[in-house]
Amino acid sequence: QKEVEQDPGPLSVPEGAIVSLNCTYSNSAFQYFMWYRQYSRKGPELLMYTYSSGNKEDGRFTAQVDKSSKYISLFIRDSQPSDSATYLCAIPNQAGTALIFGKGTTLSVSS
Amino acid sequence: DSGVTQTPKHLITATGQRVTLRCSPRSGDLSVYWYQQSLDQGLQFLIQYYNGEERAKGNILERFSAQQFPDLHSELNLSSLELGDSALYFCASSPPGGVGNYGYTFGSGTRLTVV
């Protein structure tokens, strides 16, 4: 089983929709969870960061961690065409020396 | 501008050749990470340097090597290039304290095409 798994999509939604992006992970010891956003031909940028279980909200974005299910989610409310990008979940490896990334979900929001 | 500078942006070279990719980390960051991104494999961790010393290795091929210099810039050397090495290569940096605390800042990448 891979350490981090993510459905690559693609996912297409109309403007204003609520989007749910998900990842599963295998190691229950993981404590830090991140979401990166990558626009075409650009480097990934840190979008959300959560520690342990629970929710974290930042504007239209909510990151959720369910450690009992080893499941992390990113919700985007009132999605905009500018949200069209690839979203990658990331978790530090067990040694804490590097981030392990999911393969990314490509989102397209149409106006 | 993320503060992490990668050069060149694009590189086209022939099989069997050797190339060097360069990265300058964000000011104050001591760690540099190299990643390879391809469509089928996603972002794969290659190697990490911290303040000039190698700290961790990921899925880095023996044909690839890296180093970090006293001014903290880093170079990734790719040799005996094969068609399958065509990919986006990203450099990222992070401040002291571990990736779990701060995550990474990525550069804009080098797109390598091997023909």
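Calculation criteria
- Residues numbered from 1 in each chain as written.
- Chains lettered and ligands numbered in written order.
- Predicted model: local features only at pLDDT ≥ 70, side-chain atom pairs only at ≥ 80, totals over all residues.
- Heavy atoms only, no water.
- Helix = DSSP H or I, 4+ residues; strand = E, 2+ residues; numbered from the N terminus.
- Rg over C-alpha atoms; globule rule 2.2 N^0.38 Å.
- Buried < 20%, exposed > 50% of the residue type's maximum accessible area, 1.4 Å probe, protein only.
- Areas by Shrake-Rupley, 256 points an atom, 1.4 Å probe, with all protein chains shown as cover.
- Lys, Arg positive; Asp, Glu negative; His and termini not counted.
- Charge placed at Lys NZ, Arg CZ, Asp CG, Glu CD.
- Pairing = 2+ DSSP bridges.
- Axes fitted to C-alpha atoms, helices over the stretch in contact; angles between N-to-C directions.
- Salt bridge = Lys/Arg side-chain N within 4 Å of Asp/Glu carboxyl O.
- Core = buried A, V, L, I, M, F, W, Y, C linked by side-chain atoms within 4.5 Å.
- Contact = heavy atoms within 4.5 Å.
- Polar contact = N/O pair within 3.5 Å; in protein donor to acceptor, adjacent residues only side chain to side chain.
- Nonpolar A, V, L, I, M, F, W, Y, C, P; charged D, E, K, R; others polar.
- Phe/Tyr/Trp six-rings, centres within 6.5 Å; stacked < 30°, edge-to-face > 60°.

### What to know about the overall build of chain B
(1) Moving on: Helix and strand counts for chain B stand at 1 helix and 11 strands.
(2) Moving on: Reading the secondary structure of chain B in the N-to-C direction produces β-β-β-β-β-β-β-β-β-α-β-β.
(3) Moving on: Since a compact globule built from 115 residues should have a radius of gyration of about 13 Å, the 13 Å found for chain B is in line with a globular shape.
(4) Moving on: Taken along its principal axes, the extent of the C-alpha atoms in chain B is 40 × 25 × 25 Å.
(5) Moving on: Looking at chain B as a whole, 51% of its 115 residues are labelled buried.
(6) Moving on: Carbon and sulfur atoms provide 47% of the accessible area of chain B, an area that totals close to 5400 Å².
(7) Moving on: Between the centroid of the 8 positive side chains of chain B and the centroid of its 10 negative side chains there is a distance of 3 Å.

### Comments concerning unusual backbone geometry
Residue and element names in this part refer to chain A.
(1) Moving on: In the segment running from Gly9 into Pro10, the intervening peptide bond is cis, with an omega of 10°.
(2) Moving on: For Pro10, the position within the fold is in the loop between strand 1 (4–6) and strand 2 (11–14).
(3) Moving on: A positive phi is found at Lys70, a non-glycine position, where the angle reads about 55°.
(4) Moving on: Along the chain, Lys70 falls in the loop between strand 7 (61–66) and strand 8 (71–76).

### What about the sheet that holds strand 3 (residues 19–24) of chain B?
All names here are of chain B.
(1) Moving on: Read from one edge of the open sheet, 4 strands run 1-3-8-7, paired in antiparallel fashion. The outermost strands of the open sheet, each flanked by one partner alone, are strand 1 (5–7) and strand 7 (64–68). On average, adjacent strands in this sheet sit at an angle of 15° to one another, irrespective of strand direction.
(2) Moving on: Note: strand 7 against strand 8 (residues 74–78), 5 bridges, orientation antiparallel. Following the sheet pairing, Ser65 is matched in strand 8 by Asn77.

### Some details on the pattern of salt bridges
Residue and element names in this part refer to chain B.
(1) Moving on: Taken as a whole, this structure holds 7 salt bridges over all chains when the rule is applied.
(2) Moving on: For the salt bridge of Asp29 with Arg26, the shortest nitrogen-to-oxygen distance reads 3.1 Å.
(3) Moving on: Classification of Asp29 by relative accessible area gives buried; the value is 2%.
(4) Moving on: You can call Arg26 partly exposed: its relative accessible area is 31%.
(5) Moving on: Taken together, the shared-partner salt bridges connect Arg63, Glu82 and Asp85 into one network.

### Details of the nonpolar core
(1) Moving on: The biggest cluster of nonpolar side chains holds 25 residues, and the ones touching the most others in it are Trp35, Ile72, Leu74 and Tyr87 of chain A.
(2) Moving on: Taken together, the elements giving at least two residues each to this core come down to strand 3 (19–25), strand 4 (32–38), strand 5 (45–51), strand 7, strand 8, strand 9 (85–92) and strand 11 (105–110) of chain A.
(3) Moving on: With 20 residues, the next largest nonpolar core counts Phe64, Leu78, Leu112 and Val114 of chain B among its residues.

### Regarding the interface of chain A and chain B
(1) Moving on: Taken together, the contact between chain A and chain B spans 18 residues of the former and 20 residues of the latter.
(2) Moving on: The tally of links between chain A and chain B comes to 0 salt bridges.
(3) Moving on: For the interface between chain A and chain B, the tally reads 5 residue pairs in polar contact (both at pLDDT 80 or more).
(4) Moving on: Mapped onto the side of chain A that touches chain B, the elements with two or more residues apiece are strand 4, strand 5, strand 9 and strand 10 (99–101) of chain A.
(5) Moving on: If one sorts the elements of the side of chain A that touches chain B by residue count, strand 4 of chain A sits on top with 4 residues.
(6) Moving on: Here the side of chain A that touches chain B is composed, by residue class, of 11 nonpolar, 4 polar and 3 charged.

### Here we look at the packing of aromatic side chains
Aromatic ring pairs are described here by two measures, namely the spacing of the ring centres and the angle between the planes.
(1) Moving on: Considering all chains together, one arrives at 15 aromatic pairs over all chains under this definition.
(2) Moving on: Ring centres of Tyr25 of chain A and Phe33 of chain A lie 5.1 Å apart, and the angle between their planes is 45°; on these two criteria the pair is classed as tilted. Grouping residues by exposure puts Tyr25 of chain A and Phe33 of chain A together as buried.
(3) Moving on: Ring geometry for Tyr36 of chain A and Phe106 of chain B: centres 5.8 Å apart, planes at 90°, overall edge-to-face. Taken together, the positions of Tyr36 of chain A in strand 4 and Phe106 of chain B in strand 10 (residues 105–106) put the pair across two chains.
(4) Moving on: Aromatic ring contacts, followed pair by pair, group Tyr36 and Phe101 of chain A together with Tyr33, Tyr35, Phe45, Phe90, Tyr104 and Phe106 of chain B into a single cluster.

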